[in-house]
Amino acid sequence: MNRSERSERSERSAQGCEVRPVEDSAEAPAPRLGDDHQPGPLDPGERRLVLRQGLSVALATGAYGVSVGALSVTAGLSVWQACVLSLVMFTGGSHFAFVGIIGSGGVAAAPAAIAASSMLGVRNGLYGLELRRVLRVHGWRRAAAAHLTIDESTAVSVTQGDPRASRLGFWVTGVGVFVLWNLATLLGALVGDAFGDPRTYGLDAAACAAFTALLWPRLRDRETVAIAVVGAVIAVVLLPALPAGIPVVLAALAALIAGRRR
Amino acid sequence: MTLWVAVVVAALVAFALKLAGYLVPESALSHPRARRVTAAIPVAMLAALVATQTFGGPQGTLVVDARLAAVGVAVVALLLRAPFLLVVVLGAATAAALRALGWG
């Protein structure tokens, strides 16, 4: 089977799998992401597709780690401080914002840097509201899942049509990004921006294209399209007026469309 | 506040925010409408993320540049049922090529 056949097949299965949470009826607890209704292992083709998605997202994201490591050191952080941010903060937007503000304002700007990185981190908490049901984790696995809850792992996970694929996608992407991001941060902090601006290679656009491609198979019904469009419009309209991170969090209000009486 | 304190506080706040989503009491989310809403949140925010990453310029400005062209090419590729990896590579290549030509 070639790649496009496989991709088509996965699209079909996503389409045919009417387990999408937004379609749940209020009465019957319809099957949904997080309820494992299909026993047995994931189909090998599907599995390869999820692995390929997760690993390519991890590679593209990891490449940014070099840049964040280099910027951290330029901003006045030590190599260790850069690495602690990547290991413990582990959410790229927040890391970039934090070092950007320290870089321009020094230690005196630390409260502003913490505020900015925290505002960009709020969306991860909102992702967790849905991922906890998909992943069904407890104890230390819950802490690990929370730590790996970022845009990339969420996107690969929630856009799969099968709950097993959702779990696999989350862990592969989360662990893949974690490993590559941290290695790249260390590399960038040690040798500087050896590869230059990631924009030169279009890596920022690669991220936009990847998130678009992940969302694509879900944009099949009018309600999901409406939620996506309203979310995007909210964020773009608010972008010039509000601090970084807040517009995307407020875009979550578009999800209320799914909660209307039916 | 030393830089180390700031680094550790910012990192721990980021982790606490992530964990908070997993610690909200199950009962608060079990109503069918609440379930539908929380299930739709990632789609709303990821679409918002694509939009802000595509149009966001420095200091909260909105700009149209090579990123929009890249997303356009990605959408065309998706309409033609291109596989995931090809869509991502085409997006990156579009932006890289336009920037090499001096636009965006």
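Keep in mind that what you see is a predicted model, and the values were worked out from it rather than measured. (Residues numbered from 1 in each chain as written. Chains lettered and ligands numbered in written order. Predicted model: local features only at pLDDT ≥ 70, side-chain atom pairs only at ≥ 80, totals over all residues.)

Q: Report on the overall build of chain A, specifying residues and quantitative values.
A: Helix and strand counts for chain A come out as eleven helices and zero strands. If you list the helices and strands of chain A from N to C, you get α-α-α-α-α-α-α-α-α-α-α. By the burial criterion, 55% of the 262 residues in chain A qualify as buried. Pairs at least 24 apart in sequence give 72% of the contacts found in chain A among residues at least 6 apart. (Helix = DSSP H or I, 4+ residues; strand = E, 2+ residues; numbered from the N terminus. Buried ≥ 20, exposed ≤ 12 C-beta atoms within 10 Å, placed from the backbone. Contact = placed C-beta atoms within 7 Å.)

Q: Which residues make up the overall build of chain B, and what values do they have?
A: Along its length, chain B carries four helices and zero strands. Each helix (α) and strand (β) of chain B, taken in turn from the N terminus, gives the series α-α-α-α. Taken against the 2.2 N^0.38 rule, which gives 13 Å for 104 residues, the C-alpha radius of gyration of chain B at 20 Å runs more than 25% over that of a compact globule. Projected onto its principal axes, the C-alpha positions of chain B cover 50 × 45 × 25 Å. (Rg over C-alpha atoms; globule rule 2.2 N^0.38 Å.)

Q: Which residues make up the domain arrangement of chain A, and what values do they have?
A: All names here are of chain A. Each assigned domain of chain A is listed with its residue range as follows: domain 1 (44-214) and domain 2 (219-262). A straight line from the C-alpha centre of domain 1 to that of domain 2 covers 22 Å. Secondary-structure elements contributing two or more residues to the side of domain 1 that touches domain 2 are α4 (92-105) and α5 (110-135). With six residues, α5 is the largest single contributor of residues to the side of domain 1 that touches domain 2. For the side of domain 1 that touches domain 2, a count of residues per class yields six nonpolar, one polar and one charged. (Domains from an automatic or database assignment. Nonpolar A, V, L, I, M, F, W, Y, C, P; charged D, E, K, R; others polar.)

Q: Which residues make up the UniProt feature "transmembrane region" (unreviewed entry) in chain A, and what values do they have?
A: Taken from the UniProt record, the annotation "transmembrane region" (unreviewed entry) applies to residues 57-90, 96-122, 168-191 and 225-258 of chain A. A distance of 15 Å separates the end C-alpha atoms of residues 57-90 of chain A, which is 85% helix and 0% strand. (UniProt positions renumbered as here; feature names shortened; annotations may be inferred.)

Q: Could you give an account of unusual backbone geometry, naming the residues involved and the relevant values?
A: Apart from glycine, the bulk of residues carry a negative phi angle, and the bulk of peptide bonds sit in the trans form. Residue and element names in this part refer to chain B. For Gln 59, which is not glycine, the phi dihedral falls at a positive 50°. For Gln 59, the position within the fold is in the loop between α2 (32-55) and α3 (66-79). Gln 59 sits in the exposed class, given 7 other C-beta atoms within 10 Å. Phi angles above zero are rare outside glycine, and Arg 81 is one such case at about 65°. With respect to the helices and strands, Arg 81 occurs in the loop between α3 and α4 (84-100). Arg 81 gets classed as exposed once you count the C-beta atoms within 10 Å, which come to 12.

Q: Residues and numbers for α3(B), please.
A: With 14 residues, α3(B) extends 20 Å from end C-alpha to end C-alpha; this agrees with the ideal 20 Å at 1.5 Å per step. All of the buried residues along α3(B) are B:Ala66, B:Arg67, B:Ala70, B:Val71, B:Val73, B:Ala74, B:Ala77 and B:Leu78. Along the long axis of α3(B), the arc covered by the buried residues comes to 160°, so they all point the same way. Facing away from the buried side of α3(B), by more than 90 degrees, are the exposed residues B:Val76 and B:Leu79. Tucked into the core, α3(B) has its buried residues touching α9 (203-215) of chain A together with α2 and α4 of chain B. After α3(B) finishes, the residue B:Arg81 shows a positive phi value of roughly 65°. (Expected span 1.5 Å × (residues − 1). Arc of directions from axis to C-beta.)

Q: So what about the nonpolar core? Which residues, and what values?
A: Most often, soluble globular proteins keep nonpolar side chains buried together rather than apart. By size, the foremost hydrophobic cluster in this structure holds 114 residues, and its most contacted members are A:Ala209, B:Ala44 and B:Ala48. When residues of this core are assigned to their parent elements, the largest contribution, 14 residues, is made by α2(B). Residues from two domains meet in this core; each of domain 1 (44-214) and domain 2 (219-262) of chain A gives at least three. Apart from residues no more than four positions distant in its own chain, A:Ala209 is found in contact with B:Ala70, B:Val71, B:Ala74, B:Val87, B:Val88, B:Gly91 and B:Ala92. (Core = buried A, V, L, I, M, F, W, Y, C linked by C-beta atoms within 7 Å.)

Q: Before we move on, can you summarise the interface of chain A and chain B with the specific residues and values?
A: Facing the 85 residues of chain A at the interface are 69 residues of chain B. Along the lines of polarity and charge, the residues of the side of chain A that touches chain B split into 51 nonpolar, 22 polar and twelve charged.

Q: Residue-level account of the packing of α9(A) against α2(B), with values.
A: Two numbers describe how α9(A) lies on α2(B): the axes approach to 9 Å, and their chain directions differ by 150°. With respect to each other, α9(A) and α2(B) are oriented roughly antiparallel. Crossing hand, α9(A) versus α2(B): left-handed. On α2(B), the residues touching A:Asp204, A:Ala207, A:Cys208, A:Phe211, A:Thr212 and A:Leu215 of α9(A) are B:Val43, B:Leu46, B:Ala47, B:Leu49, B:Val50, B:Gln53 and B:Thr54. (Axes fitted to C-alpha atoms, helices over the stretch in contact; angles between N-to-C directions. Parallel < 35°, antiparallel > 145°, perpendicular 65-115°, else oblique. Left-handed = near helix turned anticlockwise from the far one by under 90°.)

Q: Give me the UniProt feature "transmembrane region" (unreviewed entry) in chain B: which residues, what numbers.
A: Taking the numbering used here, the UniProt-annotated feature "transmembrane region" (unreviewed entry) corresponds to residues 6-25, 37-56 and 68-98 of chain B. Counting secondary structure, residues 6-25 of chain B comes out at 90% helix and 0% strand; the distance between its end C-alpha atoms is 30 Å.

Q: Give a detailed account of the environment of A:Ser117, specifying residues and quantitative values.
A: Residues and elements named next belong to chain A. Residue placement: Ser 117 occurs in helix α5. For Ser 117, a count of 32 C-beta atoms within 10 Å puts it in the buried group. For the pair Ser 117 and Phe 170, spaced 53 residues apart in sequence, the C-alpha separation works out to 23 Å.

Q: Which residues make up the confidence of the model for chain A, and what values do they have?
A: With 85% of its residues at a pLDDT of 70 or more, chain A has an overall mean of 86. Note that residues 1-36 of chain A has pLDDT below 50 and, in this model, 62 contacts with residues that lie over four places away or in other chains. (pLDDT = per-residue confidence, 0-100.)

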